[in-house]
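Summary of structural features
As a plain string of letters, each chain reads:
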Amino acid sequence: MGRDTDTGADTVDGRGEDAGAPGRPPALARAAAELRAGTGPTAATARRAVRVTLAACAGFYVFLYVLDRPVSATYALFAAVSLAALSRIPGTGRQRAAQIVRVLPVACVLVTIGTFLAVRTWTAVAGMLVIGFCLAFASAGGPRPAGAAPGLQLLYILPCFPPYLPGALGERLAGAVAGIVLLVLAEAYVLPDPRLPTYRDRAADAATTAARCAAALRAPPYALPAPLAELARTAGEALRPSHVPEGERPAGPGVHERALAHTGLAARTLLARLKDLPGPLAGARPGPTGLALIRSAERAARATAALLSDGPPAGDAGSAARGLLHDRAESARLLPSAPGDRRRQAALLEVADAALVLGTAADLAVRGRDALPEGDPGRFWYAGKSTLRLWWVRLSGHAGPRSVHFQNAVRISLALAAARTVAGLDSLPHGFWAMLAVLSLTRTTAVQTRATVRAALTGTCLGALAAGGVLALAGEASLPYAIALPPLMLVAFFVGPVRGVGWAQALFTLVVAVAFAQLAPTTWQLAEYRFLDVLVGSVIGLACGLLAWPRGAHDEVGRAVARLLRAAAAEVTTATRAVTPGLLPPADGGHPAGGAGPYGGDDPDVQHTLVLAESAYAQYQGETQRPAGPGPDWQSALMAGHHVLWGARRVLATADGSPPDPRADARVRAYGAWVAEGFGLAAARFDVPKGARTRAAPGPDAVAVAGGPQASDATLDAPPVFFTAVAWLDSLTADLARMAAAHAVETPLPAAGHPGTARSGTPLRGRGGLVG
């Protein structure tokens, strides 16, 4: 349910250039080339088809023809199919095998519960409602739990197929366990997949690139050459989740996964800060403390890269981190005499901070709780938490109607419960197939569900006609069915993902007809029942899709990003006021309003809204229902949220209670209020009413206005916290300018009379500057 980004149908879509034979469809030529080379999604699909066919047929034939256990044979077949064909667990075969081993106890529990609850319709419906929601909601735990959820749903649904015999539980469990164990062995040892670069490998490469950048910044002209700057950009982009295979993304709630994701974010931040490091004053050499700080950052980055590459022990990384801490403290203590150099010093301290976070997060990613950091418990809040506690934090954060994971779970559980109610009626033979249709055809938007159902019904109808012909010709002889099942399954599980849902339903109809014909005497009417059940399940899926959030993440992403930007505006205001006299941060260095987000003293509202916005955007990317023309730049808004979190922590940590400087304090407050206003206006742009988003040509560059960027910011004689805050606000101003350029609007905003509201066709400005 909702796995629109990993259906397999989009891997070969007939688009793009092709070097195949003239007149040959480009998609087929590309698929043939991938099969010959043994690489690419088509070859991976072929290997998976071989594995599931071997596992399913081995268990099915042994139980049916050797042991004469048709119930166990049924469960062996469907257990393997459910966790290999219906599930979309990302990663290589060995990674999938490890995930299947972890869910094996859950599968046994689901078969047991389903067997006892299926005796009465009302208990089965109640169980389907609760279990269907829980399994679907587990997708909040990352791509692997999300991928396994549909297969586990099927293992609970399977006992809904009559006869309802609790006494057959032993045979059912034996078949299910055998099918899953055979699948694990096939995934692990049959046609192994080539190894792909892991996220840890990518992070190590990024740390190495950061060390090279730091080394270049220690020599004249104290700026990165263009090729190295491009290499830094490429290394940072390689860590974007959208550029990482789904099986390699560190998206789970555990300590290692969270720390590895934190490592990637720190590496991207370090590379960006090194690339944008301001040079020394014209004709001047950088101070020795600054050069020492860059040298320490280089050593720390190299130690981190070695740690991530299974090189030297963690102690070497710890030694480099201690040296960086010492040099950072020394650099913060010694103020440069020239005000312009103080801005560079603030940027250097930002570099040191990112390098320290990178090293600590990498140590946690490699050694887990054994690397529990001594200081800064807020930023690495997850380090000392148990796995169950971290799962609770993740799930409770999505437990609400504004989470797309919650919406998807409600939608699919209601649809499955409705289908189970209909399946309990005696007038619907083989009602199990109606529930299977709901599970496999329901999508996150009504538009996608309708398109999927249309193709599925067409394919099922054609498959039913073919199956009816086969059943009528072969009659009750089991040998033809036994011979035909393996090659038919192989073709179905390869062609279905490649050619789309219509082909998948047509071929799967043939597979189930041939399989069931071996279990009991069957007539051509079995194909008719199959089509009827798929039709009923499709209607139920469409109805629930129309009633429960029919537009999926299409609307939710705008609301989520708007909430994120409003929370960011409040965070900017709070942080800039907190570092000026009269509202100093608490003694523990945390956020003045309290908070326990993963970035330390950051406002938990910002972190929570960022998580919801990122999950909504991830789902939105897989939904085909898009507005005409270029859409809003959601990614820039999400990155701005990350920049707010990192920067607020750094600004608050820099405040040391130094003597007040009224001019500098007023400047920071005015600039902070100006940036906060910009985030508020940007939130209004993303949160305009449905259908009101339009585009205009991007406006001119931002101009310096009261409260906005000022040329005097670089030369003002002020304490270090001033330059740290200004550097942060400058980066947020750049984020706002990017959002404005990519998401200009032509209609007035709801906030009539606001100083930033623009007339039609005019870029939004705040106090004369482009801030949205």
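Here goes a summary of the coordinates provided. (Residues numbered from 1 in each chain as written. Predicted model: local features only at pLDDT ≥ 70, side-chain atom pairs only at ≥ 80, totals over all residues. Heavy atoms only, no water.)

**Notes on the pattern of salt bridges**
Filter applied, for reference: Whenever Lys or Arg places a side-chain nitrogen within 4 Å of a carboxyl oxygen from Asp or Glu, that contact is recorded as a salt bridge. When accessible area is computed with a 1.4 Å probe and restricted to protein chains, residues below 20% of their type maximum are described as buried, those above 50% as exposed, and intermediate ones as partly exposed. The helix and strand labels rest on DSSP assignments: H or I over at least four residues marks a helix, E over at least two residues marks a strand, and numbering proceeds from the N terminus.
Evaluated as defined, the whole model comprises 16 salt bridges. Between Glu237 and Arg240 there is a salt bridge, with its nearest N and O atoms 2.9 Å apart. Note on Glu237: relative accessible area 23%, which makes it partly exposed. Where Arg367 meets Asp363, a salt bridge forms, and the shortest distance between an N and an O atom there is 2.9 Å. With a gap of four residues between them, Arg367 and Asp363 both fall in helix H13 (residues 339-367), about one helical turn apart. For Asp363, a relative accessible area of 14% corresponds to the buried category. The structure contains a network of salt bridges with shared partners spanning Arg47, Arg51, Arg96, Glu187 and Asp193.

**Focus: a nonpolar patch on the surface**
Selection criterion: To count toward a patch, a residue needs a relative accessible area over 30% and no salt bridge; like charges are then connected within 9 Å, while nonpolar side chains (Val, Leu, Ile, Met, Phe, Trp, Tyr) are connected within 5 Å. Surface exposure here means Shrake-Rupley accessible area, sampled with a 1.4 Å probe, where a residue is shielded only by the protein chains that are shown.
The grouping of Val62, Tyr65, Val66 and Leu67 at the surface amounts to a nonpolar patch, some 370 Å² of accessible area in total. Take Leu67: it is sitting in the loop between helix H2 (40-66) and helix H3 (70-86). The class of Leu67 is partly exposed, set by a relative accessible area of 43%.

**A word on H3**
What counts is decided by this rule: Expected helix span is given by 1.5 Å per residue-to-residue step, counting one fewer step than there are residues.
Along its 17 residues, H3 runs 22 Å from first to last C-alpha, staying within 8% of the 24 Å computed at 1.5 Å per residue. With 13 of 17 residues buried, H3 lies mostly within the body of the structure.

**Some thoughts on the nonpolar core**
Operational definition: We call a set of buried Ala, Val, Leu, Ile, Met, Phe, Trp, Tyr and Cys residues a nonpolar core when their side-chain atoms join them within 4.5 Å. Should any heavy atoms of two residues lie within 4.5 Å, those residues are counted as being in contact.
Core analysis: the biggest nonpolar cluster contains 84 residues, and Leu77, Leu152, Ile180, Phe432, Leu485 and Met489 have the highest contact counts within it. Filtering out sequence-adjacent residues up to four positions away, Ile180 remains in contact with Ala79, Leu83, Ile100, Leu104, Ala107 and Leu155. Core analysis: the second largest hydrophobic core is formed by 59 residues, Ala206, Ala229, Ala235 and Ala352 among them.

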